[in-house]
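Listed here are the chains, written in short residue letters.
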Amino acid sequence: MAVFQDPLVGHRHLSKDDVEWLHALVGDWQLLSDLAFSDVVLWFPHTEEGFLSSEERSFIALAQARPSTTQTLIHRDVVGDRIRADLKPMVERAWTSQVETNSSDQGQPSPARMRVQAIPLIHRGRTVGVITLHFAVAAMRSPSRLELTYRRCAEDLLVMVAEGRWPDASQEFTGYGGAPRVGDGLLRLDVEGRITFASPNAVSALLRLGVSDTLEGRSLAGIGSELQRATGVAVDESRPMMLTGRRAMRAELEAHGAAVTLRSIPLCAPSRASMMTGVMPSDLGCFDNGDDFASSVPTFAHTAAAPAPPTSSRGAREARGGERFAALVLCRDVTELRRRDKQLMSKDATIKEIHHRVKNNLQTVSALLRMQSRRMDSQEGREGLRRAMRRVETIAMVHDSLSKGLEETVDVDELMRRQLRLAAEMAQSDRQVITALEGSFGQLPPDMVTPLALVITEIVANAVEHGFGPDPARRELHVSMSVQRHSDAAGRQRLELELTDDGVGLPEQEWEPGLGLQIVRTLVRGELSGSIEWETASGPAEGGTQGGAGTGAEGGSDPEPGTETARAGTRVKLRAPILAASMKTGG
């Protein structure tokens, strides 16, 4: 859950740890809202001056949570709003006096009666916020054991929240995705790690693991050991610490084809300082549904809440002052999630293996073509096989890259850098070709990589084969590739690529396009849904060669020696939209 953090950014009275703790609390306080059957709102002074001075102080809502265990009372989103006048006295007293304050019933007819608790958040001795819990008081109804246990757990957590001891990001990463929630299953453990309460969903989750006996009164660590012996799977040595409630952490139990995620939260008694200052949330009353926040919040008097009568459990906690006395363990049956994960992993491994085998098969084909070319007497035949071998190796290189990862997009910079260099080397072996790549392709869809690599290979090969010209003394050629990504007003991205060489340039005489140029045109228009054009490096080509051949297409004619029509270099411009596979259509 996000925090409206504008008032916190750069706040000179808050440390980085204060802000991080507030974020951690909001990221994990859905648990608190569910256990308390109440809406929860976080309040903070709207100005930095109000953080220290009570003059003109008001409060702003930084975050709110709605319970999933009952109906919400705050239907409107109040994040970013100023506090209402009827709530301000309670929140003000909680902020300045660091004591819990409660509203009193105003005689409204049931079920519209609402109770509000304001609890200061004290982090390292300073008040850094106030949370209010909004719940309706039910009439003529006795709460169930589950409700009573949930409220008792909420009360225990509120004690730790008020003291800034929960959540503790140093012990547990609070932003864990897919963590179990209260409705998924709840176990309450005593100080020895025995189960004192198990919600119906928790019982069902453990039944999936094969735990068929009554849970209450049994040791959760003992259950974990039995499952370990039944499965024979080695477990982390720290797991018993979690199963006994001594450490806040997450783990997963697997047995009989089922999987259950567990999260433990140790509960600690209030410190002696809190007992002296009165920062101890009173016992939460019975909760029920209520009306909208804007219309049903009564006007509360500026009075302190009377201390709640101590229960036997609270009296025991006070005697131990600050020690762990119980623990909560949330359970979530993730059997189907893990089954789907395994299926996806199996499919990923299969696709990777297919890419790997295709790459090996293509390399075998390339080797066969190379062997065949050595046995041919015709120079034209050897040249044709060499070009076919180059194209096969280009596709093999793409499959090799795809076999190393199955992301929705592929980072092709390194692939194209190697392809640019290898295409130049395969096209010319007795002269030096210097290649360079400027810009970044970034992430591209996998189905765009193969045709793009083939197009680049053909263009570079033609540039190298025909760029040196008739002068045998020329031993060096530079080929550079520049790539950019652009977005239009609608947010659609396109790729713009330029391949430039400093060769002899475009011929002026007419020529017939060869197979290489036909491949390039087909791939650009059909597979990439783009456009391509050729021009001299110093400007557009004349004589109708715009959009025609490159530096001599495969099978085309070269400039005659000694002519003055050769141009200084060639530039090829390619533009193509970056489309997902499902959006692409045939060219």
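How each quantity is defined
- Residue numbers run consecutively from 1 along every chain, following the written order of its sequence.
- Two thresholds apply to this predicted model, a pLDDT of at least 70 for residue-level local features and 80 or more for giving and counting side-chain atom pairs, whereas whole-chain, interface and lining totals are computed over all residues.
- Note: side-chain values were computed over all heavy atoms of the structure, leaving out hydrogens and water.
- A run of H or I in DSSP becomes a helix once it reaches four residues, and a run of E becomes a strand once it reaches two; helices and strands are each numbered from the N terminus.
- Take the residue count of a helix, subtract one, and multiply by 1.5 Å to get its expected span.
- To sort residues, take the accessible area from a 1.4 Å probe on protein chains only and compare it with the maximum for the residue type: under 20% means buried, over 50% means exposed, and anything in between is partly exposed.
- When DSSP finds at least two bridges between two strands, those strands are taken to pair.
- Fitted lines through C-alpha atoms serve as axes, helices being fitted only where they are in contact, and the angles separating the N-to-C directions of these axes extend from 0 to 180 degrees.
- Should any heavy atoms of two residues lie within 4.5 Å, those residues are counted as being in contact.
- We count a salt bridge whenever a side-chain nitrogen from Lys or Arg sits within 4 Å of a carboxyl oxygen from Asp or Glu.
- Definition used in this section: a nonpolar core is a set of buried Ala, Val, Leu, Ile, Met, Phe, Trp, Tyr and Cys residues joined via side-chain atoms within 4.5 Å.
- When two rings of Phe, Tyr or Trp (its six-membered ring) have centres within 6.5 Å they constitute a pair, described as stacked for plane angles under 30 degrees, edge-to-face for angles over 60, and tilted for the intermediate range.
- Under this scheme an angle from 65 to 115 degrees is roughly perpendicular, one under 35 degrees roughly parallel, and one over 145 degrees roughly antiparallel; angles in between are oblique.
- Note: crossing handedness is left-handed where the near helix turns anticlockwise from the far helix by less than a right angle, and right-handed where it turns clockwise.

**Q** Which residues make up helix 15 (residues 446–467), and what values go with them?
**A** Residues three or four positions apart in an α-helix share a direction because the helix packs 3.6 residues into each turn. Between the first and last C-alpha of helix 15 there are 31 Å, a value that for 22 residues agrees with the 32 Å anticipated at 1.5 Å per step. Within helix 15, 18 of the 22 residues are buried, which leaves the element mostly enclosed by the surrounding structure. Immediately beyond the C-terminal end of helix 15, within one or two residues, lies Gly469, with a positive phi of roughly 75 degrees.

**Q** Explain the sheet that holds strand 18 (residues 570–577) to me, using residue names and the numbers behind them.
**A** In spatial order, the strands read 13-15-16-18-17; together these five strands make up an open sheet with mixed pairing. Every other strand in the sheet has two partners, leaving strand 13 (432–439) and strand 17 (531–536) as the edge strands with one partner each. When strand polarity is set aside, the average angle formed by the axes of neighbouring strands in this sheet is 15 degrees. Pairing geometry for strand 13 and strand 15 (residues 476–487), over eight bridges, is parallel. Looking at strand 15, one finds that Gln432 is bridged to Glu476. Contacting strand 13, strand 15, strand 16 (493–501), strand 17 and strand 18, helix 15 runs over the sheet at an angle of about 15 degrees to strand 16. Packing of helix 16 (residues 515–527) onto the sheet brings it into contact with strand 17 and strand 18, and relative to strand 17 it is tilted by some 135 degrees.

**Q** Explain the pattern of salt bridges to me, and be specific about the residues and the numbers.
**A** Two side chains bearing opposite charge may form a pair once their charged atoms approach each other closely. Inspection of every chain in the model, using the stated rule, returns 21 salt bridges. The salt bridge involving Arg263 is made with Asp28; its shortest N-O contact spans 2.3 Å. One end of the pair, Arg263, is in strand 9 (residues 258–268); the other, Asp28, is in helix 1 (residues 16–28), and 235 residues separate them in sequence. A residue is classified by how much of its surface remains accessible, and Arg263, at 2% relative accessible area, is buried. Ionic contacts of the salt-bridge type, sharing partners, join the residues Glu498, Glu535, Arg571 and Lys573 into one network.

**Q** Now, about the nonpolar core: what can you tell me, with residues and values included?
**A** Ranked by size, the top nonpolar core spans 65 residues in total, and within it Trp29, Leu35, Leu121, Ile131 and Leu157 carry the most contacts. Top contributing element to this core by residue count: helix 5 (residues 145–162), with eight residues. Residues in contact with Leu157, not counting those within four places in the same chain, are Leu31, Leu32, Leu35, Trp166, Ile265, Leu267 and Leu328. Counting residues in each nonpolar core, the second largest holds 42 residues, with Val412, Val460, Val479 and Leu497 among its members.

**Q** Mind laying out helix 1, listing which residues take part and the relevant values?
**A** Taking 1.5 Å of rise per residue, 13 residues should cover 18 Å, and helix 1 covers 19 Å from first to last C-alpha, within 8% of that figure. Of all the positions in helix 1, only Asp18, Val19, Trp21, Leu22, Ala24, Leu25, Val26 and Asp28 are classed as buried.

**Q** Tell me about the packing of aromatic side chains, residues and numbers included.
**A** Tallied over the entire structure, the rule returns five aromatic pairs. With 5.9 Å between their ring centres and 45 degrees between their planes, Phe44 and Phe51 make a pair best called tilted. Within the aromatic cluster, the residues linked to one another by ring pairs are Phe44, Phe51, Phe59 and Trp95.

**Q** Please give an account of the pairing of strand 8 (residues 249–255) that cites residues and values.
**A** Burial analysis of strand 8 places five of its seven residues in the buried class, which makes it a mostly covered element. Where strand 8 and strand 9 come together, seven bridges link them in antiparallel fashion. What sits directly across from Met249, in strand 9, is Ser264. The antiparallel pairing of strand 8 with strand 9 creates a hairpin that spans two residues between the two strands, and His256 there sits at a positive phi of about 55 degrees.

**Q** Lay out the pairing of strand 16 in plain terms, naming residues and giving numbers.
**A** The pairing of strand 15 with strand 16 spans nine bridges and is classified as antiparallel. Paired with Met481 across the bridge in strand 16 is Leu499. Where strand 15 hands over to strand 16, the hairpin turn is made up of five residues, of which Gly491 adopts a positive phi near 85 degrees. In this structure, strand 16 lies alongside strand 18, joined through eight bridges in antiparallel fashion. Considered in strand 18, the bridge of Leu499 is made with Val572.

**Q** Any details on the packing of helix 15 against helix 16? Residues and values, ideally.
**A** Remark: helix 15 packs on helix 16, axes separated minimally by 9 Å, with the N-to-C direction vectors making an angle of 150 degrees. Between helix 15 and helix 16, the interaxial angle falls into the category roughly antiparallel. Considering only the axes of helix 15 and helix 16, their crossing is left-handed. Of the residues in helix 16, those touching helix 15 at Pro451, Leu454, Val455, Glu458 and Ile459 are Gly516, Ile519, Val520, Leu523, Val524 and Glu527.

**Q** Please set out the sheet that holds strand 9 residue by residue, giving values where relevant.
**A** One open sheet holds the five strands; their spatial order is 7-6-11-9-8, and the pairing between them is antiparallel. Taken across any chain shown, the strands that pair with only one partner, and hence form the sheet edges, are strand 7 (195–198) and strand 8. Strand after strand, the sheet turns through a mean of 25 degrees between neighbouring axes, direction not considered. The pairing of strand 9 with strand 11 (residues 324–333) spans nine bridges and is antiparallel. Bridged to Ser264 within strand 11 is Val329. Together, strand 6 (186–190), strand 7, strand 8, strand 9 and strand 11 form the strand contacts of helix 6 (residues 200–208), whose direction differs from that of strand 11 by roughly 65 degrees.

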